[in-house]
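One letter stands for each residue in the lines below.
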Amino acid sequence: RQMCIRDSFSAVLSSLAPDETASKAAPSHPLLARARKAERSLDFTGAVKAYDEYLEKYEDPALGARLAEVLIKAGNSKRAISVLTVAFTETQEPRLKIVLGIRLAEVILVTQRDPKAARVQLELLRGMFKGTEDEAYVEDLAARMMKNVADGRYLKKKPDQPHYG
C-alpha cells in the first residue's frame, strides 16, 4: 500500500520534531504541552494560541508546520499557507524543506483551487533540489501528490440523495 503525502508529511515531521513523550533528553516546553493537549481535545483555537505564543519566542520551522496543520483543521487555510510558507523558507534541513514544500503545494491546490500556483511551488522545489541526493525524494512525493489529484482524492463527494419510501 502506498503512503499518501499526509502520512509522509507526518512521518518526516514527527521524526524531526517528535512529541514530548518521544524525547526524554529535552523536556517539552509548557506552551507546547498546552498546544498538544488542546489539539488532542479538538480545541484548535487554544492550540493555535499556544503554538503562536511559542513561535513568538522561538524559531522552529517544524512547529510552524504543526501550527499550519492545526490552522487547516480550524478552517483557516489562508493563514495556514502563510505559516507553511514561512516554515518552508526558514528551514535549512533538506528533507523537512521538501516535505514542507510539497505540503504547501498540496494546500494551495486543495484550498485555493489554484493548480498554477501549486505547479509553481512544485517546480520551485524541483529546481532547488535538482542534481542533489534528494532529487528522487522530491520527485517521489510530487508524484504521490499528483496521483492523489488524478485519483480525485481531494474532490468532495456528492451527498447521498435521500430515499423516501
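The structure presented is a predicted model; accordingly, all values stated were derived computationally and were not measured. (Residues numbered from 1 in each chain as written. Predicted model: local features only at pLDDT ≥ 70, side-chain atom pairs only at ≥ 80, totals over all residues. Heavy atoms only, no water.)

Colleague: Explain helix α2 (residues 30-40) here, please?
Modeller: Residues spaced three or four apart along an α-helix face the same direction, because each turn holds 3.6 residues. Within α2, the full set of buried residues consists of Leu31, Leu32, Ala35, Arg36, Ala38 and Glu39. Buried residues of α2, viewed axially, fall in a sector of 160 degrees; they line one side. Within α2, the exposed residues directed more than 90 degrees away from the buried face are Pro30, Lys37 and Arg40. Positive phi shows up at leucine 42, right after α2, with a value of about 65 degrees. (Buried < 20%, exposed > 50% of the residue type's maximum accessible area, 1.4 Å probe, protein only. Helix = DSSP H or I, 4+ residues; strand = E, 2+ residues; numbered from the N terminus. Arc of directions from axis to C-beta.)

Colleague: It is not clear to me how the environment of isoleucine 98 should be interpreted in this structure. Could you clarify?
Modeller: By the element assignment, isoleucine 98 lies in helix α6 (residues 94-112). Classification of isoleucine 98 as buried rests on a relative accessible area of 0%. On a C-alpha basis, the gap between isoleucine 98 and methionine 128 in space is 9.3 Å, while along the polypeptide they are 30 residues apart. Non-local contacts of isoleucine 98, meaning those with residues more than four positions away in its chain, are made with Leu125, Phe129, Asp134, Tyr137, Val138 and Leu141. (Contact = heavy atoms within 4.5 Å.)

Colleague: It is not clear to me how the packing of helix α4 (residues 61-73) against α6 should be interpreted in this structure. Could you clarify?
Modeller: Where α4 meets α6, the axes come as close as 11 Å, and the angle between the chain directions of the two elements is 20 degrees. In terms of axis orientation, α4 runs roughly parallel to α6. Viewed along their axes, α4 and α6 form a crossing whose handedness is left-handed. For the pair α4 and α6, the contacting residues are Pro61, Ala62, Ala65, Glu69 and Ile72 in the first and Leu96, Leu100, Arg103 and Val107 in the second. Of the residues assigned to the contact of α4 with α6, the class counts are 7 nonpolar, no polar and 2 charged. (Axes fitted to C-alpha atoms, helices over the stretch in contact; angles between N-to-C directions. Parallel < 35°, antiparallel > 145°, perpendicular 65-115°, else oblique. Left-handed = near helix turned anticlockwise from the far one by under 90°. Nonpolar A, V, L, I, M, F, W, Y, C, P; charged D, E, K, R; others polar.)

Colleague: Explain the nonpolar core to me, please; I cannot follow it from the model alone.
Modeller: In a soluble, globular protein the nonpolar side chains are often hidden away together inside. Counting 43 residues, the largest nonpolar core has Tyr51, Leu84, Ile98, Leu100, Ile102, Leu125 and Met145 as its most contacted members. Counting residues per element, the ones that place at least two in this core are α2, α3 (44-57), α4, α5 (77-90), α6, α7 (115-129) and α8 (135-150). The greatest single-element share of this core, amounting to 10 residues, is contributed by α6. Setting aside residues no more than four positions away along its own chain, tyrosine 51 makes contact with Leu32, Ala35, Arg36, Glu39, Leu63, Arg66, Leu67 and Val70. (Core = buried A, V, L, I, M, F, W, Y, C linked by side-chain atoms within 4.5 Å.)

Colleague: What should I look at first to understand the pattern of salt bridges in this one?
Modeller: Pairs may arise between side chains of opposite charge once their charged atoms sit close together. Applying the stated criterion to the full structure yields 12 salt bridges. A salt bridge links aspartate 52 to arginine 79, with the shortest nitrogen-to-oxygen separation between them at 2.6 Å. Residue aspartate 52 is found in helix α3, and its partner arginine 79 is found in helix α5; the two are separated by 27 residues along the sequence. In this structure, the salt-bridge partner of arginine 126 is glutamate 123, at a minimum N-O distance of 2.8 Å. Residue arginine 126 and its partner glutamate 123 are both found in helix α7; the two are separated by 3 residues, about one turn of the helix. Overall, the relative accessible area of 40% leaves glutamate 123 in the partly exposed class. (Salt bridge = Lys/Arg side-chain N within 4 Å of Asp/Glu carboxyl O.)

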